[in-house]
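# Structure at a glance
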Amino acid sequence: MNIPSKKERISVTIEMDQTWRYASGDAMERFAGGLKERRIEGLKCGSCERRYLPPRPVCGKCNERLTDWVPVADTGELVAWTVMKLPMLDGRTGEIREAPYGMGLILLDGADTTLNHYLVESDPEKLAIGQRVKAVWRDELRGAMDDILHFEVIS
Ligand SMILES: [Zn+2]
């Protein structure tokens, strides 16, 4: 049996034909409406005070129904990142996103949960956990997650 060494890479080609459908619900409807006005809002738990972004209807820790909307900035901290080296279907636009591109988990100022989004930077040498980032908004807002095109490093 020929077992590849740890240094050899294994390449597997997978083709996917998948339709994406999302049910937004009341919380995401308000959230998307805010994006159309360049406003980011999260939902805060009245019990544990955790601020969810994107907003969700129920606290994952307390099971409390969330109704307390709180403002969230379009700046924050990069808490994790990766650089994608393969083109992928962008679930937000339905279009292929060419590689390489950066992806990050971003803790926006005013939120306690992270947002998964694209990064302008795709050079691993220029990305680091703890960097400050800022949203880059689309010129014509339409009330969708891709109103924020990506995040850029600001420090
Ligand atoms: Zn809670």
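The structure reproduced in this document is the subject of the present report. (Residues numbered from 1 in each chain as written. Predicted model: local features only at pLDDT ≥ 70, side-chain atom pairs only at ≥ 80, totals over all residues.)

## What about the overall build of the protein chain?
When helices and strands are tallied, the protein chain shows 1 helix and 10 strands. Its helices and strands taken in sequence order, the protein chain reads α-β-β-β-β-β-β-β-β-β-β from the N to the C terminus. Principal axes of the C-alpha set define a box for the protein chain whose edges measure 60 × 35 × 35 Å. Here the protein chain, with 155 residues, has 23% of them falling under the buried criterion. Restricting the contact set of the protein chain to residue pairs at least 6 apart, pairs at least 24 apart contribute 49%. (Helix = DSSP H or I, 4+ residues; strand = E, 2+ residues; numbered from the N terminus. Buried ≥ 20, exposed ≤ 12 C-beta atoms within 10 Å, placed from the backbone. Contact = placed C-beta atoms within 7 Å.)

## A few points about the sheet that holds strand E2 (residues 51–52)
Taken together, 3 strands build an open sheet; the order of strands is E2-E1-E3 and the sheet is antiparallel. What marks the edges here is a single partner per strand, and that holds for E2 and strand E3 (68–72). Here strand E1 (residues 40–44) pairs with E2 via 2 bridges, running antiparallel. For Leu 43, the partnering residue across the bridge sits in E2 and is Tyr 52. (Pairing = 2+ DSSP bridges.)

## Points about the nonpolar core
Leu 53, Val 72, Ile 106, Leu 108 and Phe 151 are the most contacted members of the largest nonpolar core, which totals 23 residues. Apart from residues no more than four positions distant in its own chain, Ile 106 is found in contact with Gly 76, Leu 78, Thr 114, Leu 115, His 117, Val 133 and Phe 151. (Core = buried A, V, L, I, M, F, W, Y, C linked by C-beta atoms within 7 Å.)

## A closer look at unusual backbone geometry
For the peptide bond that leads from Leu 53 to Pro 54, omega is -5°, which places it in the cis range. When you line up the elements, Pro 54 lands in the loop between E2 and E3. Each neighbour pair has its own omega, and for Ala 99 with Pro 100 the value is 0°, a cis peptide bond. Assignment of secondary structure puts Pro 100 in the loop between strand E6 (96–97) and strand E7 (101–108). The phi angle at Glu 49 is positive, at roughly 70°, despite the residue not being glycine. By the element assignment, Glu 49 lies in the loop between E1 and E2. In this structure, Asn 63 is a non-glycine residue whose phi angle is positive, near 65°. Structurally, Asn 63 is set in the loop between E2 and E3.

## Some details on the pairing of E1
The buried fraction of E1 amounts to 5 of the 5 residues, a majority that puts the element mostly inside the structure. On E1, burial covers both faces: Ile 40, Gly 42 and Lys 44 on one face and Glu 41 and Leu 43 on the other are all buried. Sheet topology places E1 next to E3; 5 bridges connect them, and they run antiparallel. Across the sheet, Gly 42 pairs through a bridge with Val 70, a residue of E3.

## Some details on the environment of Ala 111
Considering the arrangement of structural elements, one finds Ala 111 in the loop between E7 and strand E8 (115–119). C-alpha separation for the pair Ala 111 and Ala 73, spaced 38 residues apart in sequence, amounts to 8.5 Å. In this structure, Ala 111 is in contact with Gly 42, Arg 51, Leu 53 and Val 72, ignoring residues within four places of it in sequence.

## Considerations on helix H1 (residues 25–35)
Buried residues of H1: Ala 27, Phe 31 and Leu 35, and no others. Within H1, the buried residues cover an arc of 75° as seen down the axis, which keeps them to one side. Pointing more than 90 degrees away from the buried face of H1 are the exposed residues Asp 26, Glu 29 and Gly 33. (Arc of directions from axis to C-beta.)

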